[in-house]
Structure formats: C-alpha cells, structure tokens
Amino acid sequence: MTASVATDPGLAGAGWTARRVKPDAFLVSVASGAEVLAALNDFLRTQGIGSGRVSGIGAVSRAVLRFFNFATKGYVDQPFEAQMELSNLTGNIARKGDQIILHAHATLGRSDYTALAGHLSAATIHGAGEFFVIVSDVPVFKVHNDALGLDLYDLA
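A brief report on the enclosed structure follows.

Thresholds, definitions, all that
- Residues numbered from 1 in each chain as written.
- Predicted model: local features only at pLDDT ≥ 70, side-chain atom pairs only at ≥ 80, totals over all residues.
- Heavy atoms only, no water.
- Pairing = 2+ DSSP bridges.
- Helix = DSSP H or I, 4+ residues; strand = E, 2+ residues; numbered from the N terminus.
- Salt bridge = Lys/Arg side-chain N within 4 Å of Asp/Glu carboxyl O.
- Buried < 20%, exposed > 50% of the residue type's maximum accessible area, 1.4 Å probe, protein only.
- Phe/Tyr/Trp six-rings, centres within 6.5 Å; stacked < 30°, edge-to-face > 60°.
- Lys NZ or Arg CZ within 6 Å of the ring centre and 35° of its normal.
- Expected span 1.5 Å × (residues − 1).
- Contact = heavy atoms within 4.5 Å.
- Core = buried A, V, L, I, M, F, W, Y, C linked by side-chain atoms within 4.5 Å.

A closer look at the pairing of strand β8 (residues 142-145)
Relative to strand β9 (residues 150-153), β8 runs antiparallel, the two being bridged by 4 bridges. Looking across to β9, one finds that V143 is bridged to L152. Counted along the chain from β8 to the antiparallel partner β9, the turn is 4 residues long, and its residue G149 has a positive phi close to 80 degrees.

Spelled out as structure tokens, the structure:
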C-alpha cells in the first residue's frame, strides 16, 4: 500500500465506502445488505464519474438477471434467491443525456458450482462486495439505437 493511499481519509455514501487509489481509480466496498447497483450508482453520482469501467467480486443473497430478446427488443427478467458468489461483475459507465448509466453484467456461482450469467438488474450484497472503478478522462455517451432497441456508445 502506498503512503498516499494509507493517508487518504476515504469516502462514504449510501451503502458504500471508497478510497481513491490513483487519480483515476477507486476501490469501492458495498455493504452487506445493500443493493449493489444502487450503491455503485450513488458512488458514481456523488463522485461525478460519468465514464469509465467497473469490475468486482463478492457474494449476494438475491439477484435479478436480464436477458435481451432481440425479437421483442425487450429484456426478460429472472430473479434468483440464494446465497451466490458474485464471481465477476463487469460494466461500463457512460452518460445518456444528463443521466449516468452503469451497464453491468454478472456471473453468479451457486453452491452446486453451476453458474448463472447475464445483464445485472439488481443484487443484494450478502457479506462483501468489492469493486474497482477506473475513470475515463474522455466523456462517453450512449444513444438509443431504435433498430436494435438498445442504448449504445455514441462514437460519431
């Protein structure tokens, strides 16, 4: 641990604590019982982070995964109630208008060592949630693509 990290007083918000570890990087801990996306979105909002990426691990007691159906251009939600390992959460951070959008996917491990995966709609931390947020110095925006029915990067 570097001296600048050790002396950093840290940050806190609704269901999370964090510490800046580099000018463009944070470690974020989401509290047991907190909804992970709500906590991460609160962190992003309070820190003014509008673009970047997030990754993390932990454990959850409940999750809602979504699967995009291209035929209907809509998501199908599936809730799961069980203790599960959050073996991976990967997401991107962008803006859509004035709103910060966290788009996250997750892989969840069950007690029988099978895995579930999909777009993460919600998850309740059970024990620990540890995340790494990298901030982009370039603003990233998303726009709705009507043909696909999805919000995609606006790289024009």
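Once you've had a look at it, read on.
Points about the pattern of salt bridges
Applying the stated rule across the entire model yields 4 salt bridges. Across the pair E81 and R62 runs a salt bridge, and its minimum N-O distance is 2.7 Å. Pair noted here: E81 is in strand β5 (residues 74-96) and R62 is in strand β4 (residues 52-69), with a separation of 19 residues, a long-range link. For E81, a relative accessible area of 58% translates into the label exposed.

Some thoughts on the packing of aromatic side chains
Applying the stated criterion across every chain yields a total of 4 aromatic pairs. Aromatic pair F68 and Y75: ring centres 5.1 Å apart, planes at 70 degrees, arrangement edge-to-face. Through pairs of rings, three or more aromatic residues link up here, namely W16, F26 and F43. When the ring centre of Y153 is taken as reference, the NZ or CZ atom of K142 above it lies at 5.4 Å.

Here we look at helix α2 (residues 36-47)
If you check α2, its first and last C-alpha atoms are 16 Å apart, about what 12 residues at 1.5 Å a residue would give, namely 16 Å. Of the residues trailing α2, G48 is marked for its positive phi of about 70 degrees.

Some remarks on the environment of G74
Checked against the element boundaries, G74 lands in strand β5. For G74, a relative accessible area of 21% translates into the label partly exposed. Residues G74 and E85 lie 11 residues apart in sequence; the distance between their C-alpha atoms is 27 Å. Excluding anything up to four places from it in sequence, G74 contacts F67, F68 and N69.

A short note on the pairing of β4
The pairing of β4 with β5 spans 16 bridges and is antiparallel. Of the residues in β5, the one forming a bridge with G58 is L86. Direction of pairing for β4 relative to strand β7 (residues 115-135): antiparallel, over a ladder of 13 bridges. Counterpart to G58 in the pairing with β7 is G129.

What about the nonpolar core?
In this structure, V28, V30, V36, F43, L120, F131 and V133 are the most contacted members of the largest nonpolar core, which totals 33 residues. Secondary structure elements with two or more residues in this core: β2 (16-22), β3 (25-30), α2, β4, β5, β6 (99-109) and β7. Apart from residues lying up to four places away in sequence, V30 is in contact with G15, W16, V36, A39, L40, I125, A128, G129 and F131.

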